[in-house]
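# Structural overview for review
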Amino acid sequence: MIREALELKRVFKNRRLPRNKLEALRNQKLRAVVRNAYEHVPYYQSLFRSAGISPGDIRTVADLRHVPVTTKEDLKDAGFDNCTAGWVDRSSLITMQTSGSTGKPFHVHRSPTEWRIARALNMASLMTCGFGPKDRLAILGPEWTVRQRLLHWLGLYRSEVIPLPVTADWQLKRLKELQPTVVWTYPSVLRLLIHNLDYPLGELIRPRVVITFAEMFDPVLRKRVATELDPELFSLYGATEFGRIAWECPEHDGLHLNADHFVLECVDDPPLPDVEGVGKAVLTNLFGFAM
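This write-up is about the structure you can find in this document.

Definitions and limits used
Residues numbered from 1 in each chain as written. Predicted model: local features only at pLDDT ≥ 70, side-chain atom pairs only at ≥ 80, totals over all residues. Heavy atoms only, no water. Helix = DSSP H or I, 4+ residues; strand = E, 2+ residues; numbered from the N terminus. Rg over C-alpha atoms; globule rule 2.2 N^0.38 Å. Buried < 20%, exposed > 50% of the residue type's maximum accessible area, 1.4 Å probe, protein only. Contact = heavy atoms within 4.5 Å. Areas by Shrake-Rupley, 256 points an atom, 1.4 Å probe, with all protein chains shown as cover. 1 Å grid on protein atoms, 1.4 Å probe; cavity = no way out; pocket = protein on both sides within 12 Å on 5 of 7 lines; lining within 4 Å. Points joined across faces, edges and corners; volume = space filled by probe spheres on them. Nonpolar A, V, L, I, M, F, W, Y, C, P; charged D, E, K, R; others polar. Pairing = 2+ DSSP bridges. Axes fitted to C-alpha atoms, helices over the stretch in contact; angles between N-to-C directions. Arc of directions from axis to C-beta. Polar contact = N/O pair within 3.5 Å; in protein donor to acceptor, adjacent residues only side chain to side chain. Phe/Tyr/Trp six-rings, centres within 6.5 Å; stacked < 30°, edge-to-face > 60°. Lys NZ or Arg CZ within 6 Å of the ring centre and 35° of its normal.

It is worth spelling out the overall build of the protein at this point. Scanning the protein from N- to C-terminus turns up 10 helices and 11 strands. In terms of overall dimensions, the protein is globule-like: its C-alpha atoms have a radius of gyration of 21 Å, near the 19 Å expected for 291 residues. Expressed as lengths along the three principal axes of its C-alpha atoms, the size of the protein is roughly 65 × 50 × 40 Å. The buried share of the protein, reckoned over its 291 residues, is 43%. Relative to all contacts within the protein whose residues are 6 or more apart in sequence, the contacts with residues 24 or more apart total 58%. About 16,200 Å² of surface is accessible on the protein, with carbon and sulfur atoms providing 55% of the total.

Written as structure tokens, this is what we have:
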């Protein structure tokens, strides 16, 4: 718990870094990730050599343009052993599975340290959206277990997962019992819950914050949620392969990238006419060493 608290403190500290120090930190992390990948991961050894580059060629974020983009399919084809660092204790890895919405589910393996960093990024994002010590958080999403820590036993930062495989009626029943002050969910789940009621959802629960992720929150649904619940609305952006990538703050003017942990590039190939900053998102993880 102490290590997680220190990691969370580090996340918030890095958010206040001036631009020049943030860039220096990102480049330092990038060089470490690249060297680890080249020296210890067979897939990346082969990738770098085929591209005619070495770790010394990748000194800054700008140098990433020399590295061929790796897709999820590339990693699936390479296999677990070729994508995992040789120094890793395989038995210690924590495995997560993507939803499989784009096809075959993909398994992501993290070391305990990387898992702790991902959890800290997640918690920092939730706290920025208003999740406080006295709140009750209901997570309507994939079925996973919230570890009951000391803070939970003290009645602080309480949270509960209401899994998706159960029926909408059961979800509504549990929400009524829990009376969450913060709801974190997919927009499509919100839509399903609303459609399963013959009265406004606001008569069942009155959260002061609703956080959406993973899907577009279309204007029609957003207006209905705002009307029925009158919460403050936030969006988070992430992926199982990476964790929490970006978050919305109370200014509600776009999303902030966790820039000390990720490099996000927009690859517009082919370029779109008269549109700036639209294309394929390419991510580089700055804390991923095991896989």
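Now that the structure is up, let's keep going.
The gaps left among the atoms become clear once a water-sized probe is rolled over them. If you walk through the whole model with that rule in mind, you get one cavity of 30 Å³ or more. The volume enclosed by the largest cavity comes to roughly 40 Å³. Lining the largest cavity are L175, V183, L190, L193, L201, I205, P207, V210 and L229. For the lining of the largest cavity, the class distribution of residues is nine nonpolar, no polar and no charged.

Turning next to unusual backbone geometry. Positive phi, close to 50°, is recorded for Q179, a residue that is not glycine. As for its position among the elements, Q179 is in the loop between α8 (168–178) and β5 (182–185). The partly exposed category is assigned to Q179, whose relative accessible area is 31%. Backbone geometry places H252, a non-glycine residue, at a positive phi of 55°. Relative to the helices and strands, H252 is located in the loop between β8 (243–248) and β9 (255–257).

Strand order in this open sheet of seven strands is β4-β3-β5-β6-β7-β8-β9, and the pairing throughout is mixed. Taken across any chain shown, the strands that pair with only one partner, and hence form the sheet edges, are β4 (158–163) and β9. Averaged over all neighbouring strand pairs, the angle between strand axes comes to 25°, with direction disregarded. Two elements, strand β6 (residues 209–213) and strand β7 (residues 232–239), share five bridges in a ladder whose sense is parallel. Among the inter-strand pairings, V210 is bridged to a residue of β7, identified as L233.

What follows is about the layout of surface pockets. Counted as a void, the second largest pocket has a volume near 260 Å³. Considering the residues around the second largest pocket, the lining is formed by T212, F213, A214, E215, M216, F217, R222, S235, L236, Y237, G254 and L255. For the lining of the second largest pocket, the elements supplying multiple residues, two or more each, are β6 and β7. A class-by-class count of the residues in the lining of the second largest pocket yields seven nonpolar, three polar and two charged.

This paragraph deals with α8. For α8, every residue scored as buried is listed here: A168, Q171, L172, L175 and L178. Viewed end-on, α8 has its buried residues packed into an arc of 130°, placing them on one side of the element. Opposite the packed face of α8, turned more than 90 degrees from it, sit the exposed residues D169 and K176. Just downstream of α8 lies Q179, where phi reads positive at about 50°.

All right, on to the environment of E248 then. Structurally, E248 can be placed in strand β8. Accessibility expressed as a relative area gives 11% for E248, which makes it buried. Note: C-alpha distance between E248 and Y237 (11 residues apart in sequence) is 8.7 Å. For E248, the side chain forms a polar contact with the main-chain nitrogen of S235, separated by 2.8 Å. Side chain to side chain, E248 and H252 meet in a polar contact 2.8 Å long.

Describing an aromatic ring pair means giving the distance of the ring centres and the angle of the ring planes. In total, this model carries seven aromatic pairs according to the counting rule given. Judged by centre distance (4.9 Å) and plane angle (85°), the rings of Y43 and Y44 are edge-to-face. In this structure Y43 comes out as buried when scored by relative accessible area, which is 15%. Judged by its relative accessible area of 22%, Y44 is partly exposed. The structure contains a cluster of three or more aromatic residues connected by ring pairs, namely W184, Y186 and F213. Over the ring of W247 we find R15, and its NZ or CZ is 3.7 Å from the ring centre.

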